[in-house]
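Structural characterization, general
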Amino acid sequence: QVQLVESGGVVVQPGGSLRLSCAASGFTFSDYGMHWVRQAPGMGLEWVAVISFDGNDKASADSVKGRFSISRDNSKNTVFLQMNTLRLEDTAVYYCVRGDPMPDFDLWGQGTLVTVSS
Amino acid sequence: DIQMTQSPSSLSASVGDRVTITCQASHDFNNYLNWFQQKPGKAPKLLIYDASNFETGVPSRFSGSGSGRNFSFSISSLQPEDTATYYCQQSYTLPYTFGQGTKVEIK
């Protein structure tokens, strides 16, 4: 079954750190770029970060640059989002999303909730 | 950054009605324009990519069109299961930006 399953979302205090994981199955993971997209409660979608199929190219949104980093382990079919110096406004459901080759954003995980609260 | 302005923010229509949502970009870009459907408590689902191409399995009542800065998404005959929020997104250049969303309800 082609799917993405995120994990790692918890309640964390401001300034804390967290690592999200996304396990892929049912397709050749190492052929695809991967994204993280987040959605704050009751709000719209925000693209967070992308990593190329081989992990050599990465990019992130200005809102998380310098605090979040994306990585992947193709031997374990897993993509990660390391989140440091968390802020209240990082509270959101974080989705792992399959990237290119086209069509981009065609497969989404179920999401994992990160709550930043004191 | 390319800003995506989506309208309307919400609409209410009857079963069988034709519904159209528009998305305007702040800059011209190649037609790397996606449309997503998100139902409450669920992950978004890709419906249309490259402005007008159907994702596999998407019903033919959904369609997309446009180019340059102006794009539109239509449901030709609204069904009860189409109740959802719809988002446009450009995947042409980083950061990949989304529209604000359009909440579609049945009257």
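Our structure is the block above this text.
The text that follows walks through the structure, step by step, so that each part is easy to find. Bear in mind the structure is a predicted one, so any value in this text is a computation, not a measurement. Every chain begins its residue count from 1, and numbering advances along the sequence as written. Chain A is the first chain written and ligand 1 is the first ligand written, with later ones labelled in order. Reporting of local features is limited, given that this is a predicted model, to residues whose pLDDT is at least 70; pairs of side-chain atoms are given and counted only at 80 or more, and all residues count toward the totals for whole chains, interfaces and linings. In computing side-chain values, all of the structure's heavy atoms are included and hydrogens and water are not.

Residues and elements named next belong to chain B. Buried residues dominate strand β5 (residues 45-49), accounting for 4 of its 5 residues. When DSSP finds two or more bridges between two strands, those strands count as paired. In this text, helices come from DSSP runs of H or I with a minimum length of four residues, and strands from runs of E with a minimum of two, each type numbered from the N-terminal end. Adjacent in sequence and paired antiparallel, strand β4 (residues 33-38) and β5 are bridged by 6 residues, among which G41 carries a positive phi angle near 75°. Relative to strand β6 (residues 53-54), β5 runs antiparallel, the two sharing 2 bridges. By the bridge assignment, Y49 is partnered in β6 with N53. Two successive antiparallel strands, β5 and β6, enclose a turn made up of 3 residues, where D50 displays a positive phi of approximately 50°. Three labels apply to residues, based on accessible area from a 1.4 Å probe with only protein chains included: buried if under 20% of the type maximum, exposed if over 50%, partly exposed otherwise in between.

Attention now goes to the side chain of R61 of chain B. Looking at the element boundaries, R61 of chain B is found in the loop between β6 and β7 (62-67). On the accessibility criterion, R61 of chain B (17% relative accessible area) is buried.

A few words now on the layout of surface pockets. Looking at the largest pocket, its volume works out to about 390 Å³. Every element with two or more residues in the lining of the largest pocket is listed here: β9 (92-98) and β10 (112-116) of chain A together with β9 (84-90) and β10 (102-106) of chain B. Tallied by class, residues from the lining of the largest pocket come to 11 nonpolar, 10 polar and 4 charged. Cavity and pocket criteria rest on a 1 Å grid covering protein atoms alone: a 1.4 Å probe that fits but cannot get out defines a cavity, protein on both sides within 12 Å along at least 5 of 7 lines defines an open pocket, and an atom within 4 Å of a point defines a lining residue. Grid points are joined across faces, edges and corners, and a volume is the space filled by probe spheres set on the points. Classification convention: Asp, Glu, Lys, Arg as charged; Ala, Val, Leu, Ile, Met, Phe, Trp, Tyr, Cys, Pro as nonpolar; all other residues, Gly among them, as polar.

This part is about the state of the cysteines. Only a pair of cysteine sulfur atoms within 2.5 Å counts as a disulfide in this structure description. Enumeration over the complete set of coordinates arrives at 2 disulfides over all chains. Across a sulfur-sulfur distance of 2.0 Å, C22 of chain A and C96 of chain A are joined as a disulfide pair. Note on the C22 of chain A and C96 of chain A pair: the S-S dihedral is about -70°, so by sign convention the disulfide is left-handed. Here C96 of chain A lies in strand β9 and C22 of chain A lies in strand β3 (residues 18-25), a separation of 74 residues in the sequence. What makes C22 of chain A buried here is its relative accessible area of 0%. Sulfur-sulfur distance for the disulfide between C23 of chain B and C88 of chain B comes to 2.0 Å. Between C23 of chain B and C88 of chain B, the S-S torsion sits near 60°, and that sign places the bridge as right-handed. Residue C23 of chain B is found in strand β3 (residues 19-25), and its partner C88 of chain B is found in strand β9; the two are separated by 65 residues along the sequence. In this structure, C23 of chain B and C88 of chain B share a single accessibility class: buried.

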